[in-house]
Amino acid sequence: MEYYCIMVKTGEEEAFKKRATLAMQDDFPDAKFFFFYHMRKSNRGEFYERPMFVGYVFLQIEKLTPEFFSMLRKVEGFIRLLRDNSDPTKFAGSALDELKLFIRNGEHWGVAKVKFTPDQKVRAISGFFEGLEGYVYRINHKKKTITITTSLTMTSKRIDVLYEEVEAVEEKSKS
């Protein structure tokens with residue numbers, strides 16, 4: 001299987017996913033599209049579901065072919081495959097492992113319970129984010145959330161999670 005990220009119109013992610021699935025179902029039944037949500041807590045303490053990667057839908061396909069790409073480009077809301085349409089980048093390495101973790105845990109993630117140490121690598125040890133590793137980017141003590149960067153999100157997108165049960169991950173020394 002190959003995995004790609006598709007940039008789509010912001011706010012159209014779920015609609016694009018449905019249109020793309022419908023457009024591809026006859027000719028490319030193995031193509032699957034994913035869009036992820038997670039729970040957030042408002043200032044009033046109420047929980048609500050929010051998109052995790054705004055403007056992006058993930059693609060799983062046996063092999064990206066010119067025929068598939070041609071049909072995909074015609075789906076309303078399509079902007080481009082990342083990095084660019086002429087040279088799409090397949091997920092590989094730790095980013096692929098993280099994407100598979102997201103897919104395995106489903107598109108609707110609950111509240112992650114994490115603890116953290118600032119500027120250290122952390123791993124969620126319970127909740128829906130269990131197994132996810134990243135680095136603490138920002139801490140919001142009032143909301144009891146941390147913002148994490150991962151190899152999947154790189155520098156452009158970050159994941160906000162509630163903290164309660166995360167462990168620090170020891171970095172392997174570079175000798």
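Rules used throughout
- Residues numbered from 1 in each chain as written.
- Predicted model: local features only at pLDDT ≥ 70, side-chain atom pairs only at ≥ 80, totals over all residues.
- Heavy atoms only, no water.
- Helix = DSSP H or I, 4+ residues; strand = E, 2+ residues; numbered from the N terminus.
- Buried < 20%, exposed > 50% of the residue type's maximum accessible area, 1.4 Å probe, protein only.
- Contact = heavy atoms within 4.5 Å.
- Areas by Shrake-Rupley, 256 points an atom, 1.4 Å probe, with all protein chains shown as cover.
- Salt bridge = Lys/Arg side-chain N within 4 Å of Asp/Glu carboxyl O.
- Pairing = 2+ DSSP bridges.
- Axes fitted to C-alpha atoms, helices over the stretch in contact; angles between N-to-C directions.
- Polar contact = N/O pair within 3.5 Å; in protein donor to acceptor, adjacent residues only side chain to side chain.
- Phe/Tyr/Trp six-rings, centres within 6.5 Å; stacked < 30°, edge-to-face > 60°.

**Comments concerning the overall build of the protein chain**
Link 1 in the chain: Counting secondary structure elements, the protein chain contains 3 helices and 14 strands.
Link 2 in the chain: Within the protein chain, the fraction of its 175 residues that count as buried is 42%.
Link 3 in the chain: Residue pairs in contact within the protein chain that sit at least 24 positions apart in sequence constitute 62% of those at least 6 positions apart.
Link 4 in the chain: In the form shown here, the protein chain has an accessible surface area of approximately 10,200 Å², with 48% of it arising from carbon and sulfur atoms.

**Observations regarding the pattern of salt bridges**
Link 1 in the chain: Going through the model one piece at a time under the given rule, you end up with 6 salt bridges.
Link 2 in the chain: Put simply, Lys17 and Glu107 hold a salt bridge, and the shortest N to O gap is 2.6 Å. Of the two residues, Lys17 is situated in helix H1 (residues 13-24) and Glu107 in the loop between helix H3 (93-105) and strand S9 (108-109); the sequence distance between them amounts to 90 residues. With respect to burial, Lys17 and Glu107 carry one shared label: buried.
Link 3 in the chain: Beyond isolated ion pairs, a larger network of salt bridges with shared partners links Glu2, Lys63 and Lys90.

**Quick word on the sheet that holds strand S6 (residues 78-81)**
Link 1 in the chain: In space, the 4 strands of this open sheet follow the order S2-S5-S1-S6, with antiparallel pairing throughout. Each edge of the sheet is formed by a strand with only one pairing partner; in this case those strands are strand S2 (32-34) and S6. Direction aside, the axes of adjacent strands within the sheet are offset by 30° on average.
Link 2 in the chain: Packed on one face of the sheet, H1 meets strand S1 (2-8), S2, strand S5 (56-61) and S6 and runs near 175° to S2.
Link 3 in the chain: On the sheet, H3 packs against S1, S2 and S5 and is oriented at approximately 80° with respect to S1.

**Looking at the pairing of strand S10 (residues 121-124)**
For a regular strand, the rule is simple: side chains alternate between the two faces of the sheet.
Link 1 in the chain: With burial as the criterion, only one face of S10 is covered, namely that bearing Val122 and Ala124; the residues Lys121 and Arg123 on the opposite face remain uncovered.
Link 2 in the chain: As paired strands, S10 and strand S11 (residues 133-140) are joined by 3 bridges and run antiparallel to one another. Within the sheet, the bridge partner assigned to Lys121 lies in S11 and is Tyr135.

**Looking at the environment of Glu2**
Link 1 in the chain: Along the chain, Glu2 turns up in strand S1.
Link 2 in the chain: The exposure class of Glu2 is buried, given its relative accessible area of 9%.
Link 3 in the chain: As a C-alpha pair, Glu2 and Ala31 span 29 residues in sequence and 9.8 Å in three-dimensional space.
Link 4 in the chain: Beyond its immediate stretch of four places on either side in the chain, Glu2 contacts Leu59, Gln60, Ile61, Glu62, Lys63, Leu64 and Lys90.
Link 5 in the chain: Separated by 2.7 Å, the side chains of Glu2 and Tyr4 make a polar contact.
Link 6 in the chain: At 3.0 Å, the side chain of Glu2 and the backbone nitrogen of Leu64 are in polar contact.

**Overview of the sheet that holds strand S4 (residues 47-51)**
Link 1 in the chain: The 3 strands lie next to each other as S4-S3-S9, forming an open sheet whose pairing is mixed. Of all the strands in the sheet, just S4 and S9 have a single pairing partner and so form its edges.
Link 2 in the chain: Of the pairings in the sheet, the one linking strand S3 (residues 37-41) to S4 comprises 5 bridges and is antiparallel in character. Bridging from a neighbouring strand, Lys41 pairs with Phe47 of S4.

**Comments concerning the packing of aromatic side chains**
Centre-to-centre distance and the angle between the planes together describe a pair of aromatic rings.
Link 1 in the chain: Counted according to the given criterion, the structure contains 11 aromatic pairs.
Link 2 in the chain: Each residue in the set Phe34, Phe36, Phe53, Phe58, Phe91 and Phe102 is aromatic and connected to the rest through ring pairs, giving one cluster.

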